[in-house]
Each structure stands twice: as structure tokens, then as C-alpha cells.
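What follows is the residue order along each chain.
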Amino acid sequence: MLEDQLIKVATGLAFIIPGILILRWWLNRSVGSPEEWAGHHIKILQQKHARGEIDDETYRTRLKELQDE
């Protein structure tokens, strides 16, 4: 009886742990490192500033926030 329960637990963990690791890998791959994320958003911020969509003060404030993250 106890042996059957241990086998069920081990089988469940054999599927759950690799599933968690694969999900974690996939999420990190799609999001990238924090530096890549910030760099991407800084480029977008620079483009908006160049097009005149945001003023200088907003640009500097948001740029500082991105660089602090």
C-alpha cells in the first residue's frame, strides 16, 4: 500500500519537475534578461522622444526609471 503511494508520488514528480523546468526555460527565452528588456524599452522611448510624442522631462524621467531597474 505505502509502496504504491510512493510510486505514484515519484511518477507525478517525474512529470511535474521537468514541466516546471521547461516552462521556466521558455519564459526566460521569450522575455530575455533584464538588460535586454530595458534596452528594448529604452529604444522605444528614444523613438517616441525623437518623434515628439513625449517631452524632454518625460523622456528623462522614464529613462531614469528604466536604467534603475
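A brief look at the structure comes next. These figures come from a predicted structure and were not determined experimentally.

Overview of the overall build of the protein
1) Next: Counting its secondary structure elements, the protein contains 3 helices and 0 strands.
2) Next: Compactness check: the protein gives a C-alpha radius of gyration of 23 Å against a globular reference of 11 Å for 69 residues, more than 25% above the reference.
3) Next: The C-alpha extent of the protein, read off along each of the three principal axes, is 70 × 15 × 15 Å.
4) Next: Taking all 69 residues of the protein together, the buried fraction comes to 10%.
5) Next: Just so you have it, the protein exposes about 6100 Å², and 61% of that area is on carbon and sulfur atoms.
6) Next: Here the protein contributes 9 positively and 11 negatively charged side chains, and the mean placements of these two sets differ by 4 Å.

Re the environment of Arg-60
1) Next: Here Arg-60 shows up in helix α3 (residues 56–68).
2) Next: Overall, Arg-60 belongs to the exposed group, its relative accessible area being 53%.
3) Next: Each C-alpha atom, one on Arg-60 and one on His-49, is 9.8 Å from the other, the two residues being 11 residues apart in sequence.

Reading the values: the criteria
Residues numbered from 1 in each chain as written. Predicted model: local features only at pLDDT ≥ 70, side-chain atom pairs only at ≥ 80, totals over all residues. Heavy atoms only, no water. Helix = DSSP H or I, 4+ residues; strand = E, 2+ residues; numbered from the N terminus. Rg over C-alpha atoms; globule rule 2.2 N^0.38 Å. Buried < 20%, exposed > 50% of the residue type's maximum accessible area, 1.4 Å probe, protein only. Areas by Shrake-Rupley, 256 points an atom, 1.4 Å probe, with all protein chains shown as cover. Lys, Arg positive; Asp, Glu negative; His and termini not counted. Charge placed at Lys NZ, Arg CZ, Asp CG, Glu CD.

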